[in-house]
Amino acid sequence: MVEVKLHDIGEGMTEAEVLHFFVKPGDTVAADEPLVEVQTDKMTAEIPSPGAGTVGKILVELGETIKVGTTVLEIELAGAPSKGKKENKIEKSEQSNKQETHTFHIPKRSDRVLAAPYTRKIARDNGVDIDQVEGTGPGGRILDEDVMSYMNGETSKQALAVADAAPEKEVEEAQSGEVTTPSSQQTIPFKGRRKQIAKKMTHSLHTIAHCTQFEEVDVTNAMEWRAECKEQGESFSIAAFYIKAVSVALKDFPIFNATLNEQEEVIELKDTHNIGLAVDTEDGLIVPVLRNVESKSITEIHREMKVLTEKALSNQLTMADISGGTFTISNVGPLKGSTGATPIINHPETGLLALHKTKKRPAVVNNEIVIRSMMNLSFTFDHRVADGGTAVAFSNRLVQLMEHPNTLMLELV
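Please read these numbers as outputs of a predicted model, since none were measured by experiment. (Residues numbered from 1 in each chain as written. Predicted model: local features only at pLDDT ≥ 70, side-chain atom pairs only at ≥ 80, totals over all residues. Heavy atoms only, no water.)

**Comments concerning the packing of aromatic side chains**
The criterion, for reference: Between 30 and 60 degrees the pair is tilted, below 30 it is stacked and above 60 it is edge-to-face, where a pair is any two Phe, Tyr or Trp rings, Trp via its six-membered ring, whose centres lie within 6.5 Å. Helix and strand definitions here come from DSSP, where helices need a minimum of 4 consecutive H or I residues and strands a minimum of 2 consecutive E residues; each element is numbered from the N-terminal end. Three exposure classes are used, based on accessible area relative to the maximum for each residue type with a 1.4 Å probe and protein chains only: buried under 20%, partly exposed in between, and exposed over 50%.
Inspection of every chain in the model, using the stated rule, returns eleven aromatic pairs. Between Phe327 and Phe379, the aromatic rings sit 6.3 Å apart at their centres with planes inclined by 25°, giving stacked as the arrangement. With a gap of 52 residues between them, Phe327 in strand S17 (residues 327-331) and Phe379 in strand S19 (residues 368-382) connect regions that are remote in the sequence. For Phe327, a relative accessible area of 0% corresponds to the buried category. Through a chain of ring-to-ring contacts, three or more aromatic side chains come together here, namely Phe253, Phe256, Phe327, Phe379, Phe381 and Phe394.

As structure tokens, then:
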């Protein structure tokens, strides 16, 4: 009998929520067939079967949050020695006191699955049999939109049924004299990714000495330069330009691209700029990582950033997509509601930069009042690692690069 356990996949993961079982006791499964789906603070993933065999006991409950190392279920692998066979007494004694243990890396997915875990979750939450949904994605893959379309086709019937039942319910209540009063209290489950985010943010606040500095940036020249590039056929998001500017500033101030190792009593400066991009998804905040930004062009950054954002929104990020970050950027400008904030650092990093919305405001240029495109920055840093003066110098360098694109171009030569 083989124990299938929740394995530690790193990046601070300590537990996961059991979302769905693909099997039940007695089912026959093939090697690598998905057995159970779990949700960590960063991703939804499947635990596959270690080999062909028969499912034994399921040892955890649906919706339960389990710790790393917990046995999820047991499997009797095909071809394993039968207990009824004659064995040497010594071997039999050893085997009777020994149970094989098998652990797995969660991110592995079965090739037979033609829908992402999050897509199947949408189907389950809405009572949709995903086998009845026609996939429009590559190779017949079922997309979120396919499930929603299927649901819309069924909704009219459900609505009619509810509408027909409503008058009868009102008559029954009137005859009985009973009036149903809806509850005024609503609850939201505090588990899964939301719970994991809460733990991580609390740990960061209790561990890191947060200090936030605010700056104002005139991005008019950057906007005009981007428009000129677009006219010449080079289209990219302004956020990609900002990310490259951050990377150049980090090269000049590597202390903010670092990790404090308290056990060894050293500050570890990172050679590469792996920039985390905070993405607001339906299931909560998640931070995919754009790697080696220091060696990428602005157009390369734009393309990779777009891919990572789409994967984050569709819940298709892998562990490689979300691990190894050295500095985080939160671009809240597109949300249209923020002029300043005090961001919480993504532990164990040293800095986090928030980019707020851009607004046209009066500004003084050459002793004249003119209208400029202005944006606020919030830079939070670990005061244990760097002092305020160093943070100001870093911010000044970043503002210089963002306000004068030609300066940034000189740094790329």
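**Examining the nonpolar core**
Heads up, the rule is: Among buried residues, those of type Ala, Val, Leu, Ile, Met, Phe, Trp, Tyr and Cys that are joined through side-chain atoms within 4.5 Å constitute a nonpolar core. Should any heavy atoms of two residues lie within 4.5 Å, those residues are considered in contact.
If you look at the biggest cluster of nonpolar residues, it comprises 51 residues, and the most contacted ones within it are Phe241, Ile243, Phe256, Phe327 and Leu377. Looking at this core element by element, the count peaks at eleven residues for helix H6 (residues 238-252). Residue contacts for Phe241: discarding those within four places in its chain leaves Ala222, Trp225, Phe236, Ile298, Leu401, Met402, Pro405 and Leu408. Residues Val18, Val23, Ile47 and Ile75 belong to the second largest nonpolar core, which totals 17 residues.

**Some details on helix H7 (residues 298-313)**
The criterion, for reference: Multiplying one less than the number of residues by 1.5 Å gives the expected span of a helix. An arc is given here, and it is the one of the directions from the helix axis to the C-beta atoms.
Helix length check: H7, at 16 residues, gives a terminal C-alpha distance of 22 Å against a target of 22 Å (1.5 Å per residue), a fit within 8%. For H7, every residue scored as buried is listed here: Ile298, Ile301, Met305, Leu308 and Ala312. Each buried residue of H7 lies within a common arc of 90° when the element is viewed along its axis, so the set occupies one face. Phi turns positive one or two residues past the end of H7, at Asn315, with a value near 60°.

**Here's the deal with the sheet that holds strand S13 (residues 275-277)**
Stated precisely, the cut-off is as follows: Pairs of strands are assigned from DSSP output, requiring at least two bridges between the strands. Here the axes come from fitting lines to C-alpha atoms, over the contacting stretch only for helices, and the angles between their N-to-C directions go from 0 to 180 degrees.
Strands sit in the order S10-S19-S18-S17-S13-S16 across an open sheet of six strands; the sheet is mixed. In this open sheet, the two edge strands, each paired with only one partner strand, are strand S10 (210-218) and strand S16 (289-290). In the sheet, S10 pairs with S19 via nine bridges, with the strands oriented antiparallel. Counterpart to Glu215 in the pairing with S19 is Leu377. Strands S13, S16, S17, strand S18 (351-365) and S19 of the sheet are contacted by H6, whose axis makes an angle of about 150° with S17.

**Some thoughts on the sheet that holds strand S5 (residues 44-48)**
Overall, antiparallel pairing links the four strands, which are arranged S5-S4-S2-S7 in an open sheet. The sheet is open, and its two borders are formed by S5 and strand S7 (65-67), each paired with just one other strand. The sheet shows a mean angle of 45° between the axes of neighbouring strands, direction not considered. With five bridges joining them, strand S4 (residues 34-39) and S5 adopt antiparallel strand pairing. Each residue of the ladder has a partner; that of Val36, found in S5, is Ile47. Together, strand S2 (15-21), S4 and S7 form the strand contacts of helix H4 (residues 192-207), whose direction differs from that of S2 by roughly 175°.

**Section: the packing of H6 against H7**
Filter applied, for reference: Should the near helix be turned counterclockwise from the far one by less than a right angle, the crossing is left-handed, whereas a clockwise turn marks it as right-handed. Polar here means any residue other than Ala, Val, Leu, Ile, Met, Phe, Trp, Tyr, Cys and Pro, which are nonpolar, and Asp, Glu, Lys and Arg, which are charged; Gly is therefore polar.
Relative orientation of the contacting elements H6 and H7 amounts to 115°, with a least axis distance of 8 Å. Crossing geometry of H6 relative to H7 is assigned as right-handed. Here Ala239, Ala240, Phe241, Ile243 and Lys244 of H6 lie close against H7, whose contacting residues are Ile298, Ile301, His302 and Met305. Taken together, the residues of the contact of H6 with H7 break down into seven nonpolar, one polar and one charged.

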